[in-house]
Amino acid sequence: MHVSVREVCIPSEPDSAYFLRVAWKGRGLESGFQLLLTDGQDAWKGDVSEASVCAEAEELEMQMERYVQDLHQALTDTTSSFSFNLTPSPPKHTSTLTLAYEKFRLGSAVLKADPDPAEALRELLTHSLQRGNHLKEENQNLKEENLKMRGEHQRISAELKRYAGGKESLEAELYSRFVLVVNEKKAKIRSLQEAVTHLQGDSSKEQKKQDAVKPADEEEDEYGGSTDEEEQQEVKRTPPSTSSTHELDDSLKDITDVAPCRKRRFRHLGPSDPAVQRGNPQSSQTEKTK
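Residues numbered from 1 in each chain as written. Predicted model: local features only at pLDDT ≥ 70, side-chain atom pairs only at ≥ 80, totals over all residues. Heavy atoms only, no water.

What counts is decided by this rule: UniProt positions are given in the numbering used here, feature names are shortened, and annotations may be inferred rather than shown by experiment.
Going by an unreviewed UniProt entry, the protein carries the name DNA repair protein XRCC4 and comes from Dissostichus eleginoides. The record held by UniProt for the protein lists under Sequence similarities (unreviewed entry) the comment "Belongs to the XRCC4-XLF family. XRCC4 subfamily."

### Here's the deal with the overall build of the protein
Note the cut-off: To qualify as a helix, a DSSP run of H or I must reach at least 4 residues; to qualify as a strand, a run of E must reach at least 2; elements of each kind are numbered from the N terminus. Using a 1.4 Å probe on the protein chains alone, a residue whose accessible area is under 20% of its type maximum counts as buried, one over 50% counts as exposed, and one in between counts as partly exposed. Here the open area of atoms and residues is found with the Shrake-Rupley method and a 1.4 Å probe, where only the protein chains shown may cover a residue.
Broken down by element type, the protein carries seven helices and seven strands. Ordering the α and β elements of the protein from the N terminus gives β-β-β-β-α-α-β-β-β-α-α-α-α-α. Across the 290 residues of the protein, 19% fall into the buried class. For the protein, the exposed area adds up to about 22300 Å²; of that, 53% sits on carbon and sulfur atoms.

### Details of the pattern of salt bridges
Inclusion rule: Here, a salt bridge means any side-chain nitrogen of Lys or Arg that lies within 4 Å of a carboxyl oxygen of Asp or Glu.
Applying the stated criterion across every chain yields a total of six salt bridges. Here arginine 155 and glutamate 152 are joined by a salt bridge, their closest N and O atoms 2.3 Å apart. Remark: glutamate 152 and arginine 155 occur in helix 3 (residues 117-223); sequence separation between them is three residues, near one turn of the helix. Taking relative accessible area as the criterion, glutamate 152 reaches 35% and is therefore assigned partly exposed. For the salt bridge of glutamate 171 with lysine 167, the shortest nitrogen-to-oxygen distance reads 2.6 Å. Taken as a pair, glutamate 171 and lysine 167 lie in helix 3 at a separation of four residues, close to a single helical turn.

### Some details on a nonpolar patch on the surface
Note the cut-off: Each patch groups residues whose relative accessible area exceeds 30% and which form no salt bridge, using 9 Å between like charges and 5 Å between nonpolar side chains of Val, Leu, Ile, Met, Phe, Trp and Tyr.
A cluster of nonpolar side chains, namely Ile156, Leu160 and Tyr163, defines an oily patch on the protein surface of about 320 Å² accessible area. Along the polypeptide, isoleucine 156 turns up in helix 3.

### Some details on unusual backbone geometry
At the junction of threonine 87 and proline 88, the peptide bond is cis and its omega measures out at -10 degrees in the coordinates. With a phi angle near 55 degrees, glutamate 61 is a residue other than glycine that sits in the positive phi range. As for its placement among the helices and strands, glutamate 61 is situated in the loop between helix 1 (50-59) and helix 2 (64-76).

### So, the sheet that holds strand 3 (residues 33-38)
Strands in a sheet are paired, the pairing made by backbone hydrogen bonds, and the direction either parallel or antiparallel. Heads up, the condition is: One bridge is not enough; two strands pair if DSSP finds at least two bridges between them. Simply put, an axis is a line fit to the C-alpha atoms, just over the touching stretch for a helix, and the angle between two N-to-C directions goes from 0 to 180 degrees.
Within the open sheet, the seven strands sit side by side as 1-2-3-4-7-6-5. Their pairing is antiparallel. Edge positions in the sheet fall to strand 1 (2-8) and strand 5 (83-87), since each of these pairs with one other strand and no more. Between one strand and the next, the sheet's axes are offset by a mean angle of 25 degrees, whatever the strand orientation. By the bridge criterion, seven bridges tie strand 1 to strand 2 (residues 18-24) in an arrangement that is antiparallel. Following the sheet pairing, glutamate 7 is matched in strand 2 by phenylalanine 19.

### Some points on the nonpolar core
Heads up, the rule is: The nonpolar core is taken to be a set of buried Ala, Val, Leu, Ile, Met, Phe, Trp, Tyr and Cys residues, with the residues joined through side-chain atoms within 4.5 Å. Note on contacts: a residue pair is in contact if any heavy atoms of the two residues lie within 4.5 Å.
In this structure, Leu20, Phe33 and Leu75 are the most contacted members of the largest nonpolar core, which totals 28 residues. Taken together, the elements giving at least two residues each to this core come down to strand 2, strand 3, strand 4 (43-48), helix 1, helix 2, strand 5, strand 6 (97-102) and strand 7 (105-113). Not counting residues within four places of it along the chain, the set of residues in contact with phenylalanine 33 comprises Val22, Ala23, Trp24, Gly46, Asp47, Val48, Val53, Leu71, Leu75 and Tyr101.

### Notes on the confidence of the model for the protein
Applied cut-off: pLDDT expresses how confident the predictor is about each individual residue, on a scale running from 0 to 100.
Per-chain confidence: the protein averages 75 in pLDDT, with 71% of residues scoring 70 or above. Across residues 274-290, confidence stays below pLDDT 50; counting only partners more than four residues off in sequence or on other chains, it has six contacts.

### With respect to helix 2
Formally: Here a helix's expected span is defined as the number of its residues, less one, multiplied by 1.5 Å.
With 13 residues, helix 2 should reach 18 Å at 1.5 Å per residue; the first-to-last C-alpha distance of 18 Å fits that figure. Tyr67, Val68, Asp70, Leu71, Ala74, Leu75 and Thr76 are the residues of helix 2 that are buried.

### Focus: the pairing of strand 4
Judged from the six bridges that link them, strand 3 and strand 4 form a sheet pairing that is antiparallel. Pairing of glutamine 34 across the sheet is with aspartate 47, part of strand 4. Counting the residues between successive antiparallel strands, the hairpin from strand 3 to strand 4 contains four residues, one of them, glycine 40, with a positive phi of roughly 95 degrees. Here strand 4 runs beside strand 7; their pairing, made up of two bridges, is antiparallel. Bridging across to strand 7, lysine 45 finds its partner in lysine 112.

Shown next as structure tokens:
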């Protein structure tokens, strides 16, 4: 069973203090609840059934869920703006009371005088003590939990500081390494630029030498040297000369050799023949010498 105790103010009796105890079973107040009202001397009790709760919600034309929410706030919440009225006022010990709870008229309950108010007060005090002990225990647990959370917070803060220090040292180390790498890259780039400049200088010197040698070669070609074009022309002229030589050789082959005829004619002629003498002057001279 759920129990709630609160102090209620009755506007018609501002000098009196009343305490209201609400007890219910099940899901909430929609299943019905019990009320106990006391001023410290007298006590009144009453029950509100589930049917009464439904009838009040239908009379106010409110949804059941919304009505139960407002009813719970009015009967148990000490900070609510709902007010209470008693009829008759002031109540008598043996009289029957009607307790109305309203901001607008939310509902009412009929309370009957308790023949044993001392027992009602004892139940009320017992519940208050139990509630106080429960709150005290809960407060102690919250303090212990708070101490644990504070210790955990300090531990986490120390870990964060350590991580922050490690992060800074790691960043410094990485930055120093990065600077070294960048410097090495810069040095390598400078060396490559110097090598490129040196190669460009060598190539320019070589080009100057070639430019200095080129006029001399041109002058040799102009005054005494043979050019490639002339050599090609000579090579082109060579084949025709070869063919003419072959033609000449062929023509000489066609000429009849007269030497054998001449020899036969010399055999028929005698040594005294003038033709022979004219043909062989050396022999005539030899004869004269003899």
